[in-house]
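The residues making up each chain are set out below.
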Amino acid sequence: MAQSYAYLDNTGILHLHPLETEAAKHGKYVGTNLDYDESGFPIIGGEGVVYYVDKDTAYVNGNEHDGKQIAVPSGLKALAGQLL
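One structure accompanies this document, and this report is about it.

Calculation rules
Residues numbered from 1 in each chain as written. Predicted model: local features only at pLDDT ≥ 70, side-chain atom pairs only at ≥ 80, totals over all residues. Heavy atoms only, no water. Salt bridge = Lys/Arg side-chain N within 4 Å of Asp/Glu carboxyl O. Buried < 20%, exposed > 50% of the residue type's maximum accessible area, 1.4 Å probe, protein only. Helix = DSSP H or I, 4+ residues; strand = E, 2+ residues; numbered from the N terminus. Polar contact = N/O pair within 3.5 Å; in protein donor to acceptor, adjacent residues only side chain to side chain. Contact = heavy atoms within 4.5 Å. Core = buried A, V, L, I, M, F, W, Y, C linked by side-chain atoms within 4.5 Å.

## Some remarks on the pattern of salt bridges
Applying the stated criterion across every chain yields a total of 3 salt bridges. Put simply, Glu64 and Lys55 hold a salt bridge, and the shortest N to O gap is 2.7 Å. In this structure Glu64 comes out as partly exposed when scored by relative accessible area, which is 30%.

Given below as structure tokens:
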């Protein structure tokens, strides 16, 4: 896994980006070794996870409007905790 940088977008969704300079544009960010999908969402269990930090909800195969809600992976909670 390559180094990536986690940040929260302006709506409170966790994203990952390979470039530190891009993550820095969003304010606070932290380095991580998590993989991410083509949309910049962290991959957990082979699937991209859309994690709404403020709502403490996570979805796979889409977002809160069309995805399947799952329990928030503890690793994502810990990562987001570093960004708050």
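## Examining the side chain of His15
Looking at the element boundaries, His15 is found in strand β2 (residues 14-17). Among the polar contacts listed, one links the side chain of His15 to the side chain of Asp9, at a separation of 2.9 Å. Leave out the neighbours within four places in its chain, and His15 touches Tyr5, Ala6, Tyr7, Asp9, Ser39, Gly40 and Phe41.

## Structural notes on the nonpolar core
Ala6, Leu14, Tyr51, Val53, Leu79 and Leu83 are the most contacted members of the largest nonpolar core, which has 15 residues in total. Where this core is concerned, the elements lending two or more residues are β1 (4-8), β2, β5 (47-52), β6 (57-60) and α2 (74-81). Looking at this core element by element, the count peaks at 3 residues for α2. Discounting chain neighbours no more than four positions away, the residues touching Ala6 are Leu14, His15, Leu16, Lys28, Tyr29, Val30, Thr32, Leu79 and Leu83. Membership of the second largest hydrophobic core comes to 5 residues, among which are Phe41, Val50, Tyr52 and Tyr59.

On their own, these measurements won't tell you what the molecule is for.
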